[in-house]
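One letter stands for each residue in the lines below.
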Amino acid sequence: MRLSLSNRYSSLPVTLDQVHIARELTPGDANLVPDSACLLTFAGRSRITIPPGETAVSDRIAYPVRAFERIGISFFAPELTPQITRHLNANEILFLSVPGDYAADPSGARFQPVPDGYASNFLAIEALEVAAPRDVTTVVTVGDSITDGSGSTTQLLQRSASPMTSTDQRYPNHLQRRIDQAGLPLTVANAGIGGNELLGDGVLPQFGPSLLERFDHDVLTVAAARYVLVMIGTNDFGNSTAARAPSTSDMIAGYTQLIDRARAAGMKVILGTIPPAEGAVTDGLPLIGDLPINLDVMHGTPAARTSRDAVNAWIRSQTLSDGVVDFDACLEDPNDPGYLAAEYNSGDNLHPSPAGYAAMAACVDLDLFRASDSRP
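Residues numbered from 1 in each chain as written. Predicted model: local features only at pLDDT ≥ 70, side-chain atom pairs only at ≥ 80, totals over all residues. Heavy atoms only, no water.

Q: Account for the packing of aromatic side chains, naming residues and giving values.
A: This structure, assessed with the given rule, holds three aromatic pairs. Ring centres 5.2 Å apart and planes at 75° place the aromatic pair Tyr 227 and Phe 369 in the edge-to-face group. You can see Tyr 227 sitting in strand β14 (residues 225-231) and its partner Phe 369 sitting in the segment after α8 (354-363), a full 142 residues away along the chain. Above the ring of Phe 68, the side-chain terminus of Arg 177 is found at 4.4 Å from the ring centroid. (Phe/Tyr/Trp six-rings, centres within 6.5 Å; stacked < 30°, edge-to-face > 60°. Helix = DSSP H or I, 4+ residues; strand = E, 2+ residues; numbered from the N terminus. Lys NZ or Arg CZ within 6 Å of the ring centre and 35° of its normal.)

Put into structure tokens, the structure is as follows:
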């Protein structure tokens, strides 16, 4: 295996040292299995300085892992790191130690968890790549917070950890479980970013550049990428103002461009409909602790509902993609159209619950990935 570390979104270099991989003793806990730590090196050195906008990949190591085995990554930052590229709301618990280098220490005694929902981040970690037989290919699930797994494993803005934290309840996790049970030679990569949009850059920097902008790096360059399952669009309508709200034709043009670019790279494309979001209307959502930020979450407005329905109608009827997954129909309350079914609702009328994410994975027809043609 090898670890990819990213400084892609920072304007300053970042230096990391003593990067270790180890097995977690208990999911979501700072304690690691004794004698399971392994030092990762970069061109033979333990210390790596990553320039702004670049990525560093570790030397390969032999470190056997099983599917869904919990792995911990730890490192020492010997210099001040005022900026660091991170995956916001990664649905994991981040631990910070007291001053000093404890990257190889299996004990969690010197570590404290960062409050869940405030900094549930992957710091600098881009990917952990594991060697696989040549016939194994990758399904890249790409989208926004519903792909990223918001509402599944952390309690946004709560100071206590959810009991589901670090239990891998995102829909791509559940999809991987189904694939493993079916014995298909596929691995699922999650390229979701909370707040992400198809056409425009996120209204907050943490929401990332538009999917159109990040598609080549986040999807097309993923190791052994063969399929991409795209589900995005709710934020284009829900995080927008009337002045910047996209039209249905704008969205269709964006989806069409993604399909063309994926096809040119030899990938098959599956489009997912946008899930229900009726009732998700919030003015001034606080995003950092108790500090209110003037971000209007308007996914449940009549205008957003009309736009979402129009886009979903096109996704269901189009023949450009290699398949469709109707997440909207799978999650919708049959007695209350436009709303998430109660058992699938995390409570904000926008993000599914763990049961909802499992239902999303169950909606995916695995025959979409049983292609008879070989990988180009």
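Continuing now.
Q: If you had to explain the sheet that holds strand β11 (residues 125-129) to someone new, which residues and values would you point to?
A: To summarise the sheet geometry, strands pair through backbone hydrogen bonds and adopt either a parallel or an antiparallel arrangement. One open sheet accounts for three strands, arranged β5-β1-β11; its pairing is antiparallel. Only two strands of the sheet have a single neighbouring strand rather than two, namely β5 (55-57) and β11. For this sheet, the mean angle separating the axes of adjacent strands, direction not counted, is 15°. (Pairing = 2+ DSSP bridges. Axes fitted to C-alpha atoms, helices over the stretch in contact; angles between N-to-C directions.)

Q: For the side chain of Asp 218, give the residues involved together with the corresponding values.
A: Examined against the element boundaries, Asp 218 turns out to sit in helix α3 (residues 211-220). The exposure class of Asp 218 is buried, given its relative accessible area of 15%. Here Arg 214 takes part through its side chain, which lies 2.8 Å from a polar atom of the side chain of Asp 218. At 2.9 Å, the side chain of Asp 218 forms a polar contact with the side chain of His 217. In contact with Asp 218, other than residues within four places in its own chain, are Arg 8, Val 140, Ala 191 and Ile 193. (Buried < 20%, exposed > 50% of the residue type's maximum accessible area, 1.4 Å probe, protein only. Polar contact = N/O pair within 3.5 Å; in protein donor to acceptor, adjacent residues only side chain to side chain. Contact = heavy atoms within 4.5 Å.)

Q: Would you mind going over α3 in detail, with residue names and values included?
A: Every buried residue of α3 is accounted for by Leu 211, Leu 212, Arg 214, Phe 215, Asp 218 and Val 219. One face of α3 carries all of its buried residues, which in axial projection span an arc of 145°. Contacts made by the buried residues of α3 are with β12 (137-143), β13 (186-192), β14 and α5 (248-264). (Arc of directions from axis to C-beta.)

Q: I'd like a description of the nonpolar core, backed by residues and values.
A: Ranked by size, the top nonpolar core spans 26 residues in total, and within it Leu 198, Leu 211, Val 228, Val 230, Tyr 255 and Leu 271 carry the most contacts. Among the secondary structure elements, those contributing two or more residues to this core are β12, α3, β14, α5, β15 (268-272) and α6 (302-317). For this core, the leading source of residues is α5, giving five residues. Discounting chain neighbours no more than four positions away, the residues touching Leu 211 are Val 142, Asn 196, Glu 197, Leu 198, Val 230, Ile 232 and Leu 258. Leu 186, Leu 229, Val 325 and Leu 368 belong to the second-largest nonpolar core, a separate cluster that totals 24 residues. (Core = buried A, V, L, I, M, F, W, Y, C linked by side-chain atoms within 4.5 Å.)

Q: Give me the lowdown on the sheet that holds β14, citing residues and values where you can.
A: Taking strand neighbours across the sheet as the criterion, the five strands line up as β13-β12-β14-β15-β18 in an open arrangement whose pairing is parallel. At either end of the open sheet lies a strand with only one pairing partner, and these are β13 and β18 (323-325). Put simply, the sheet's adjacent strands are angled 25° from each other on average, direction ignored. Where β15 meets β18, three bridges bridge the pair, whose relative direction is parallel. Residue pairing for β18: Gly 272 is matched across the bridge by Val 325. Those strands touched by α3 are β12, β13 and β14, and its axis lies near 160° from that of β12.

Q: I'd love a proper account of the state of the cysteines, names of residues and values included.
A: By the definition in use, this model includes one disulfide. The residue that forms a disulfide with Cys 330 is Cys 363, at a sulfur-sulfur distance of 1.9 Å. One quick way to see it: the torsion about the S-S bond of Cys 330 and Cys 363 is about -135°, and its sign makes the bridge left-handed. Note that Cys 330 is positioned in helix α7 (residues 327-331) and Cys 363 in helix α8, a separation of 33 residues in sequence. (Disulfide = S-S within 2.5 Å.)

Q: Tell me about the environment of Leu 123, and please be specific about residues and values.
A: When you line up the elements, Leu 123 lands in strand β10 (residues 122-123). Classification of Leu 123 by relative accessible area gives buried; the value is 18%. Separated by 33 residues in the primary sequence, Leu 123 and Ala 90 have C-alpha atoms spaced 9.6 Å apart.

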